[in-house]
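Close look at the chain arrangement
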Amino acid sequence: KRFIESSAAILLAPMLTGTSDEWSYEITAQSAKNASLNSQRIDFIQPKGKVQNKDVHITSRANTGSWHSEQEVLELTGNAQWEHSSGYYVESQQAQIHVPTQEIQSPAYSQGAARFGQFNAERLQIEEAGQIIRLLGQSHVILVPTNDTHIFSSKKGVKSETQP
């Protein structure tokens with residue numbers, strides 16, 4: 001057996017996987033290391049993530065990132081990008097993906113595209129496994145006409161909110 005007593009050990013091309021009865025995830029990267037000795041955080045260079053359950057599939061990538069094992073959160077920084085299986089794509093400089101709920105938060109300027117058009121906002125929250133996209137702060141939405149009339153209907157209806 002070998003024991004590493006330093007946080008300086010770097011793993012090349014690591015793969016981190018996890019699963020439960022409801023979801024699974026896979027994170028790969030160019031390299032990874034523990035944030036510090038006895039830390040529950042792993043820092044990544046060029047991470048790529050996949051989170052999925054029976055209904056939702058999210059892929060993501062960024063320049064750097066961190067996995068927080070206790071909270072089951074993948075934090076992405078620097079050119080963070082993610083795609084959702086419902087058909088939208090988002091870019092931001094920072095995002096946190098909560099794996100068990102597939103909820104995503106970005107405290108930074110975000111821009112993206114979906115079947116209904118394009119959007120940008122000072123901050124962004126994606127909730128209920130991607131069924132709700134909240135554009136927070138100053139936001140801009142460009143709606144694109146489509147023949148797909150059911151895009152704007154949902155079980156909960158269409159809701160518009162303005163938050164400071």
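Residues numbered from 1 in each chain as written. Predicted model: local features only at pLDDT ≥ 70, side-chain atom pairs only at ≥ 80, totals over all residues. Heavy atoms only, no water.

A look at the overall build of the protein chain
A tally of regular secondary structure across the protein chain gives 0 helices and 14 strands. Of the regular secondary structure in the protein chain, the N- to C-terminal order runs β-β-β-β-β-β-β-β-β-β-β-β-β-β. In the protein chain, buried positions account for 34% of the 164 residues. Once local pairs closer than 6 in sequence are excluded, the contacts in the protein chain between residues at least 24 apart make up 33%. (Helix = DSSP H or I, 4+ residues; strand = E, 2+ residues; numbered from the N terminus. Buried < 20%, exposed > 50% of the residue type's maximum accessible area, 1.4 Å probe, protein only. Contact = heavy atoms within 4.5 Å.)

Some thoughts on unusual backbone geometry
Not every positive phi belongs to a glycine, and Q46 is a case in point at roughly 55°. Topologically, Q46 is positioned in the loop between β5 (41–45) and β6 (48–53).

Describing the nonpolar core
By size, the foremost hydrophobic cluster in this structure holds 28 residues, and its most contacted members are Y25, W67, W82, V90, I104, L124 and I126. Among the elements of the structure, β3 (23–28), β9 (73–84), β10 (89–98) and β13 (117–127) are those that each provide at least two residues to this core. In this structure I104 touches I58, W82, A95, Q96, I97, L124, Q125 and I126, once residues within four positions along its chain are discounted. (Core = buried A, V, L, I, M, F, W, Y, C linked by side-chain atoms within 4.5 Å.)

Let's talk about the pattern of salt bridges
Throughout the structure, instances matching the rule amount to 2 salt bridges. In this structure, D43 engages R41 in a salt bridge whose closest nitrogen and oxygen atoms are separated by 2.9 Å. Take R41: its relative accessible area is 32%, and that puts it in the partly exposed class. In this structure, the salt-bridge partner of E127 is R134, at a minimum N-O distance of 2.9 Å. (Salt bridge = Lys/Arg side-chain N within 4 Å of Asp/Glu carboxyl O.)

Focus on the packing of aromatic side chains
Per the stated rule, a full pass over the model turns up 3 aromatic pairs. A ring pair is formed by W23 and Y25, whose centres lie 5.7 Å apart and whose planes are at 25°; its orientation type is stacked. Each member of the pair W23 and Y25 is classed as buried. Chaining the aromatic ring pairs together yields one cluster made of W23, Y25 and W67. (Phe/Tyr/Trp six-rings, centres within 6.5 Å; stacked < 30°, edge-to-face > 60°.)

Some details on the pairing of strand β4 (residues 31–34)
Two elements, strand β1 (residues 11–12) and β4, share 2 bridges in a ladder whose sense is antiparallel. For L11, the partnering residue across the bridge sits in β4 and is A32. In terms of strand pairing, β4 meets β5 through 4 bridges, oriented antiparallel. Across the sheet, the residue bridging to N34 is I42, located in β5. (Pairing = 2+ DSSP bridges.)

Considering the pairing of strand β14 (residues 132–143)
Pairing of β13 with β14, which is carried by 10 bridges, proceeds in the antiparallel orientation. Looking at the pairing, A121 lines up with S139 of β14. Between the antiparallel neighbours β13 and β14 lie 4 residues, among them E128 with a positive phi of about 50°.

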